[in-house]
Amino acid sequence: MEKTVINDSNYRIRKGKVIRTRQMTPHEKLFEIALDGGRSLDHEPGQFVMVSMFGVGEAPISVCSSPTNRGYFELCVRAVGRVTGTMHRLEAGDEIGIRGPFGKGFPIRVLEGNDLLIVAGGLGIVPLRSLINFVFDNRRDFGKVHTLLGCKTEGDILFGDELERWMKRIDVHYECTLDKAAPEWAGHVGLITTLLPGVHLEPERTFAIVVGPPIMFRFVIKELLAKKIPESQILVSLERHMKCGMGKCGHCQIQDYYCCTDGPVFNYSDIKHIKEAM
Ligand SMILES: Cc1cc2nc3c(=O)[nH]c(=O)nc-3n(C[C@H](O)[C@H](O)[C@H](O)COP(=O)(O)OP(=O)(O)OC[C@H]3O[C@@H](n4cnc5c(N)ncnc54)[C@H](O)[C@@H]3O)c2cc1C
Ligand code: FES
């Protein structure tokens, strides 16, 4: 497995400004950020940045916008503790520190020309939104696109306005399911695995990309294998506690792998034998 190249610029905190914020749910907020000097972040879908809240600390956050948006990038953050809680108090015009981008993202060159089955559970839609919007901006480079989203309740759905636009596109098959729904919900109810039998795909030309809570991986992967998708065509993005983001501190280690430099996107066939991975 190729290692990510770490250079001096990965240690340096780059300053940026919050351009706009949007409260998405009571717990998640979206930040549009521009780096000072108009520099581009130059990330790949699936990569993350280390966000610095000066005097508080750093946290790894996935970039949720496509690299096709030049001049700014977006982060969608759930407030769970010190760094993310401080971020939630930021408003337009405030300063922010950024290191990275870090890690291995989705292998775009490998995915090109193939069909994609994108499976997102809850907050898993955040890194996947970067990939999905990248695919839409380069639609002719990819085959069929199936996007399945599972959320606990309707109130947990992120990017609802964009999802409605995806639903109207004829070049993407999009479905959303809720674990629990109010009577007025017209969509599907049930776990995300219940959507998979209804997806018609050609397994030999399909790459499945799965991002969500660990409990979801096991069940979704079982269904994907039953649909005859080869193990080497299943990609997952893993989350681990991280400190440095660049293979130095060992906080994110899973046996021989560092989640921050060998991942966060892994090929299932590389990690399936590691019990702690999923
Ligand atoms: C590669 C990667 C990408 C991520 N992308 C996003 C994203 O796009 N949006 C988002 O909201 N969050 C994301 N996270 C999770 C985010 O990094 C953590 O929520 C954050 O580090 C918590 O920091 P804190 O200082 O606010 O919380 P703390 O005060 O440190 O802790 C609060 C609680 O969160 C737990 N926690 C702390 N760090 C992590 C961690 N790294 N992973 C899981 N739980 C943690 C602690 O155990 C504690 O229970 C990502 C994590 C990784 C590793
Ligand atoms: S976060 Fe330090 S080695 Fe991965």
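A short tour of the structure in this document, coming up. Bear in mind that the values here come from a model prediction, so they are computed numbers and not experimental data.

1. Description of unusual backbone geometry
A cis amide bond links G100 with the next residue in sequence, P101, at an omega value of 15°. By the element assignment, P101 lies in strand β6 (residues 95-102). Geometrically, the link from G263 to P264 is a cis peptide bond, its omega value of 10° lying close to zero. Within the secondary structure, P264 sits in the loop between α6 (259-262) and β15 (265-267). At D42, a position not held by glycine, the phi torsion is positive, near 55°. By relative accessible area, D42 is classed as exposed at 53%.

2. Comments concerning the side chain of R14
Note on placement: R14 falls in strand β1 (residues 14-23). Comment: no salt bridge for buried R14; closest opposite-charge side chain is D42, at 6.7 Å. Here the side chain of R14 touches G100 through a polar contact of 2.9 Å, landing on its backbone oxygen. Non-local contacts of R14, meaning those with residues more than four positions away in its chain, are made with L35, R39, S40, L41, I96, G97, I98, G100 and P101.

3. A short note on the nonpolar core
Grouped together as the largest cluster of nonpolar side chains are 37 residues, with contacts concentrated most on L111, I125, L128, L131, L149, F159 and I209. Breaking this core down by element, the ones donating at least two residues are α2 (108-111), β7 (115-121), α3 (125-137), β8 (145-151), α4 (160-168), β9 (173-178) and β11 (206-211). The element best represented in this core is α3, accounting for eight residues. Residue assignment places this core across two domains, with domain 1 (8-101) and domain 2 (108-277) each supplying three or more. Filtering out sequence-adjacent residues up to four positions away, L128 remains in contact with F106, I118, V119, A120, I209 and V211. Judged by nonpolar contacts, the second largest core, of 36 residues, contains F217, L224, Y268 and I271.

4. Considerations on the sheet that holds β15
As summarised here, the arrangement of the seven strands in space is β10-β9-β8-β7-β11-β12-β15, forming an open sheet in which the pairing is mixed. Both outer strands of the open sheet, β10 (188-189) and β15, are each paired with one neighbouring strand and no more. Bridging between β7 and β11 involves six bridges; their strand directions are parallel. Opposite D115, over in β11, you have T206 as the bridge partner. Strands β7, β11 and β12 (234-237) of the sheet are contacted by helix α5 (residues 214-226), whose axis makes an angle of about 170° with β11.

5. Thoughts on the environment of A92
Topologically, A92 is positioned in the loop between α1 (82-87) and β6. As a C-alpha pair, A92 and V18 span 74 residues in sequence and 5.0 Å in three-dimensional space.

6. Brief notes about the site of ligand 1
In the vicinity of ligand 1, 18 residues are found, and the nearest of them are P60, C76, R78, V83 and T84. Between an oxygen atom of ligand 1 and a main-chain N or O atom of G81, the distance comes to 3.3 Å. Side-chain polar atom of T84 to an oxygen atom of ligand 1: 2.5 Å apart, as the coordinates give it. Contact with the protein chains hides 72% of the accessible area of ligand 1, taken as 860 Å² for the molecule alone. Only β4 (57-62), β5 (73-78) and α1 provide two or more residues apiece to the shell around ligand 1.

Rules and cut-offs
Residues numbered from 1 in each chain as written. Chains lettered and ligands numbered in written order. Predicted model: local features only at pLDDT ≥ 70, side-chain atom pairs only at ≥ 80, totals over all residues. Heavy atoms only, no water. Helix = DSSP H or I, 4+ residues; strand = E, 2+ residues; numbered from the N terminus. Buried < 20%, exposed > 50% of the residue type's maximum accessible area, 1.4 Å probe, protein only. Lys, Arg positive; Asp, Glu negative; His and termini not counted. Salt bridge = Lys/Arg side-chain N within 4 Å of Asp/Glu carboxyl O. Polar contact = N/O pair within 3.5 Å; in protein donor to acceptor, adjacent residues only side chain to side chain. Contact = heavy atoms within 4.5 Å. Core = buried A, V, L, I, M, F, W, Y, C linked by side-chain atoms within 4.5 Å. Domains from an automatic or database assignment. Pairing = 2+ DSSP bridges. Axes fitted to C-alpha atoms, helices over the stretch in contact; angles between N-to-C directions. Near = heavy atom within 4 Å. Areas by Shrake-Rupley, 256 points an atom, 1.4 Å probe, with all protein chains shown as cover.

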